[in-house]
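So the chains spell out like this:
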Amino acid sequence: MAQRYLKRVYDDLLDWRLRTKGAVLVEGAKWCGKTSTAERLANSVVYMQDPQMREQNMRLAQLAPQQLLKGAVPHLIDEWQVAPQLWDAIRFEVDQRGEFGQFILTGSAVPPDLDEIEHTGTGRIARLRMRPMSLMESLDSTAAVSLKGLFGGETPVEQCSDGLEELAFLICRGGWPQAVELQGKVALQQAIDYVDAITEVDISKVDRVKRDPERARLLLRSYARMSASQATLASMRADMAGGDGSLGEDAFAEYVQALRKLFVVEDVPAWNPNLRSKTAVRTTPTRHFVDPSVAAVALGASPASLVADLETMGLLFETLCVRDLRVYADALDGRVYHYRDKADREVDAVVVLRDGRYGLVEVKLGGSQLIDAGAKSLKAVAAAIDTSRMPASSFLMVLTGMGTYSYPREDGVMVVPARSLGV
């Protein structure tokens, strides 16, 4: 029985980009649903890694790449990065045709042979980063609280699902499309298989450098141990050495870069607003995976062990919230940052829209004391921003894992369960 397709935020984003550019590159972690989304808009397809056609496709890419570009438009070229020379052929064909919506490319890794790509494709090929499914997309959020509505000043009181055990399961299951409608151990196995594929095969395949799978696993574990923090890469390298996974500085940097090329890790950059004082802003990014299930697998965590260790669960819950905020921000043409200054004022996420509006978000697993602390942090950062030089924040929000209702506090801070948030 074929798995049903659940609507993605990226359906509309891809449709729009095709209306504005000759070609669109959809890139992101493997298994996040790029091909399925692209297939729904494509009128013809070339699967570069089809076992029956792979050898022929690679030969054509070398000798006559234009043959792979034939087909009803939009024409999808799936996993284009296995033949990087196609990039220039597509760019040239887009120029020759002079029309929008000609090609869709999907890629789950940055190609190793960047020197073979002579032109960036600027103005011709748009890029669209796709992420694993948010709770709204997997139907695990009611989406009753709209991020767009919060930017518009809404303060909804809405009910949502509650349950620590279920939330722990959602963290460990992740947002992998093939897992979201499965149950129990079968659903959890998908993230385990993903990490196995990354460490055993893909981390060496991405740039054709043989790497040790065990060291790759130790790196993932160190990254997971420091998830949701501004830990330095040097501290991760030292942590790896403690697990007999010592690497030289250059080799360690190459392992990390390979994970970035595979879209496995996706750190949150620092936000630099105009402040009332001359307080320095810390610029180290916050460490995160593209999906919390990767961290859970790297740590050997299960839903039950997370419930028994709420501190660790809180860190992985923050990665889940960052994933979802990124998806919802994509729908609003925005980006997600974090903020921390040398006066120790900090917020976990800042959602910034292209028009300059922004919202401040603290992530707290739950409990009135933690929510109070989150609200206090939000108010402190909001008060430090020089609103004579930039607008005030559109909203202050504590995004929580445990809670039955979203509601506005007396101090104006919104408390929103993650399972009630949506676009």
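This structure is a prediction, so every number in the text was calculated from the model and none was measured.

## Notes on the overall build of the protein chain
Along its length, the protein chain carries 14 helices and 14 strands. Whereas a compact globule of 423 residues would reach a radius of gyration of roughly 22 Å, the protein chain reaches 22 Å, a difference of no more than 12%. Dimensions of the protein chain, computed from the C-alpha atoms along their principal axes, are close to 65 × 50 × 50 Å. Partitioning the intrachain contacts of the protein chain with sequence separation of at least 6 by distance along the chain shows that 74% fall at a separation of at least 24. Carbon and sulfur atoms form 48% of the exposed surface of the protein chain, whose accessible area is close to 18,400 Å². Of the side-chain charges in the protein chain, 50 are positive and 56 negative, and the distance between the mean point of each set is 3 Å.

## Some remarks on the environment of Met 58
By secondary structure assignment, the location of Met 58 is in helix α3 (residues 54–63). Between the C-alpha atom of Met 58 and that of Val 82, which follows or precedes it by 24 residues, the distance is 8.1 Å.

## Structural notes on the sheet that holds strand β10 (residues 358–364)
Pairing in this open sheet of seven strands is mixed, and the strands run β7-β12-β13-β11-β10-β9-β8 from one edge to the other. Of all the strands in the sheet, just β7 (158–159) and β8 (334–340) have a single pairing partner and so form its edges. Judged from the two bridges that link them, β7 and strand β12 (residues 405–408) form a sheet pairing that is antiparallel. Note that in β12 the partner of Glu 158 across the bridge is Ser 406. In the packing of helix α13 (residues 310–331) onto the sheet, the strands contacted are β8, β9 (346–353), β10 and β11 (395–400), and the crossing angle to β8 comes to about 140 degrees.

## A few points about the sheet that holds strand β3 (residues 75–78)
Taken together, the five strands give an open sheet; going across it, the order is β2-β3-β4-β1-β5, and neighbouring strands pair in parallel fashion. Looking at the sheet topology across the chains shown, the edges are occupied by β2 (44–47) and β5 (125–129). Within the sheet, the average angular offset between the axes of one strand and its neighbour, ignoring direction, is 20 degrees. The pairing of β2 with β3 spans four bridges and is parallel.

## Structural notes on the packing of helix α11 (residues 292–299) against α13
The N-to-C vectors of α11 and α13 enclose an angle of 150 degrees; their axes lie 8 Å apart at closest approach. Taken together, the axis directions place α11 and α13 in an arrangement best described as roughly antiparallel. Packed against α11, whose contacting residues are Pro 292, Ala 295, Ala 296 and Leu 299, the element α13 presents Thr 312, Leu 316, Thr 319, Leu 320 and Arg 323 at the interface. The class makeup of the residues in the contact of α11 with α13 is six nonpolar, two polar and one charged.

## Some points on the side chain of Glu 27
By the secondary structure assignment, Glu 27 is in strand β1 (residues 23–27). According to the relative accessible area criterion, Glu 27 is buried, its value standing at 15%. Look past the residues within four positions of Glu 27 in its chain and what remains in contact with it is Lys 34, Gly 107, Arg 127, Leu 128, Arg 129, Met 130 and Phe 263.

## What about the packing of helix α7 (residues 184–205) against α11?
Close contact between α7 and α11 brings their axes to 9 Å; oriented N to C, the two are set at 80 degrees. Comparing the axis directions of α7 and α11 gives the class roughly perpendicular. Where α7 abuts α11, its residues Ala 191, Ile 192, Tyr 194 and Val 195 lie against Ser 293, Val 294 and Val 297. Tallied by class, residues from the contact of α7 with α11 come to six nonpolar, one polar and no charged.

## Describing the pattern of salt bridges
Side chains bearing opposite charge may pair, as long as their charged atoms lie close to each other. Using the criterion set out here, one finds 30 salt bridges in the structure. One salt bridge connects Asp 15 with Arg 19, and the closest N-O pair in it is separated by 3.0 Å. Relative accessible area serves as the criterion here: at 54%, Arg 19 is assigned to the exposed category. A salt bridge links Asp 202 to Lys 30; the nearest nitrogen and oxygen atoms lie 2.8 Å apart. Of this pair, Asp 202 sits in helix α7 while Lys 30 sits in the loop between β1 and α2 (34–39); the two residues are 172 residues apart in sequence, bridging distant segments of the chain. Here the residues in one salt-bridge network are Arg 129, Arg 131, Glu 266, Arg 326 and Asp 330, joined through shared partners.

Calculation notes
Residues numbered from 1 in each chain as written. Predicted model: local features only at pLDDT ≥ 70, side-chain atom pairs only at ≥ 80, totals over all residues. Heavy atoms only, no water. Helix = DSSP H or I, 4+ residues; strand = E, 2+ residues; numbered from the N terminus. Rg over C-alpha atoms; globule rule 2.2 N^0.38 Å. Contact = heavy atoms within 4.5 Å. Areas by Shrake-Rupley, 256 points an atom, 1.4 Å probe, with all protein chains shown as cover. Lys, Arg positive; Asp, Glu negative; His and termini not counted. Charge placed at Lys NZ, Arg CZ, Asp CG, Glu CD. Pairing = 2+ DSSP bridges. Axes fitted to C-alpha atoms, helices over the stretch in contact; angles between N-to-C directions. Parallel < 35°, antiparallel > 145°, perpendicular 65-115°, else oblique. Nonpolar A, V, L, I, M, F, W, Y, C, P; charged D, E, K, R; others polar. Buried < 20%, exposed > 50% of the residue type's maximum accessible area, 1.4 Å probe, protein only. Salt bridge = Lys/Arg side-chain N within 4 Å of Asp/Glu carboxyl O.

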